[in-house]
Amino acid sequence: MNHPHDESRVVALVPAAGRGVRLGETLPKAFVPIGGSPMLTLAIDGLIASGVVDHIVIMVPAELIERARDLSTLAGGRVPVSVVAGGAERIDSVRAGLAAAPEATHVLVHDAARALTPPSLIAEVVAALRAGVRAVVPGLPVTDTIKSVDADGVVTGTPDRGGLRAIQTPQGFEAQLLREAYALDVPATDDAGLVERLGAHVHVIPGDPMAFKITTPLDLHLAHALLADRPVPQAVSR
Ligand code: C5P
């Protein structure tokens, strides 16, 4: 939403075109329901409830575009939602979303699979962008010890856990910076990784455990349990 003293315009890209093979469900992951609502709907509702998003572009498997349009209609027209086909890899889906995105000052990229992300975290990412940060990601301290291994499974190193963060979404960017990063056409497992390749600073703000990515059947059980205990997401008061 545009605010009186603020010229920013925020577009959220929602990659939802994954097959979700690791989840073990028959439907593509973003369409798997939790507490009666598909993950995609929950993710869209969270973005809208944050009160800081002006337009949403969702990227889904080509054969599910119509179904996704129906879901977005259910979002109630409070924020315009566009639906486009994603690609083979997440990076291809985000590139397709970026191509379809309207003019904006800032772009968020937010996985549909992080369906329970609190609206307040989304608002904090946008607040950092509005404060002048060009790239910002939420991250949590790592609780497991992480080791690098070679192809034979032999440990090659143990990085200091204190300097590591597990990165979540939404990841937020100055729109022009993200477009330049995507023009690089190099591999990366997240959007900030592409921006890092440009040499730009990426800032980390505290993440939220509820923004976990629903990837495995265990994650899905957890999401069901959490949603059973949770009221409807609260709009962020401004
Ligand atoms: O596979 P993973 O869980 O890392 O996917 C993260 C997000 O990216 C999910 O919301 C998934 O739907 C999306 N994705 C996509 N296009 C792909 C693969 C994943 O939009 N080709």
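Before reading further, recall that the structure is shown in the block above.
Summary of the structure given here. Since the structure is predicted, the reported quantities are computational estimates derived from the model, not experimental observations.

Nonpolar side chains in soluble globular proteins generally cluster together in the buried interior. In terms of nonpolar packing, the biggest core is built from 31 residues, with Leu 40, Val 53, Ile 56 and Leu 108 touching the most fellow members. At the level of secondary structure, the elements contributing two or more residues to this core comprise strand S1 (10-15), helix H1 (39-50), strand S4 (55-60), helix H2 (65-74) and helix H4 (119-130). Among the elements that line this core, the one with the most residues is H4, at six residues. Leaving out residues up to four positions away in the same chain, Ile 56 has contacts with Ala 12, Val 14, Ile 44, Leu 47, Ile 48, Val 79, Pro 80, Val 81 and Ser 82.

Attention shifts here to helix H3 (residues 90-100). Ile 91, Ser 93, Val 94, Gly 97 and Leu 98 are the residues of H3 that are buried. Angularly, the buried residues of H3 cover 160° about the axis, an arc narrow enough to put them on a single face. Contacts from the buried residues of H3 go to S1, S4, strand S5 (81-85), strand S6 (106-109), helix H5 (175-183) and helix H6 (191-197).

The geometry of H1 relative to H4 is characterised by a closest axis approach of 8 Å and an angle of 55° between their N-to-C directions. When the interaxial angle is binned, H1 and H4 end up oblique. In this structure, H1 meets H4 at a crossing whose hand is right-handed. Taken together, the residues of H4 that come into contact with H1 (itself represented by Gly 46, Leu 47, Ala 49 and Ser 50) are Pro 119, Ile 122 and Ala 123.

The rules behind the values
Residues numbered from 1 in each chain as written. Predicted model: local features only at pLDDT ≥ 70, side-chain atom pairs only at ≥ 80, totals over all residues. Heavy atoms only, no water. Core = buried A, V, L, I, M, F, W, Y, C linked by side-chain atoms within 4.5 Å. Buried < 20%, exposed > 50% of the residue type's maximum accessible area, 1.4 Å probe, protein only. Helix = DSSP H or I, 4+ residues; strand = E, 2+ residues; numbered from the N terminus. Contact = heavy atoms within 4.5 Å. Arc of directions from axis to C-beta. Axes fitted to C-alpha atoms, helices over the stretch in contact; angles between N-to-C directions. Parallel < 35°, antiparallel > 145°, perpendicular 65-115°, else oblique. Left-handed = near helix turned anticlockwise from the far one by under 90°.

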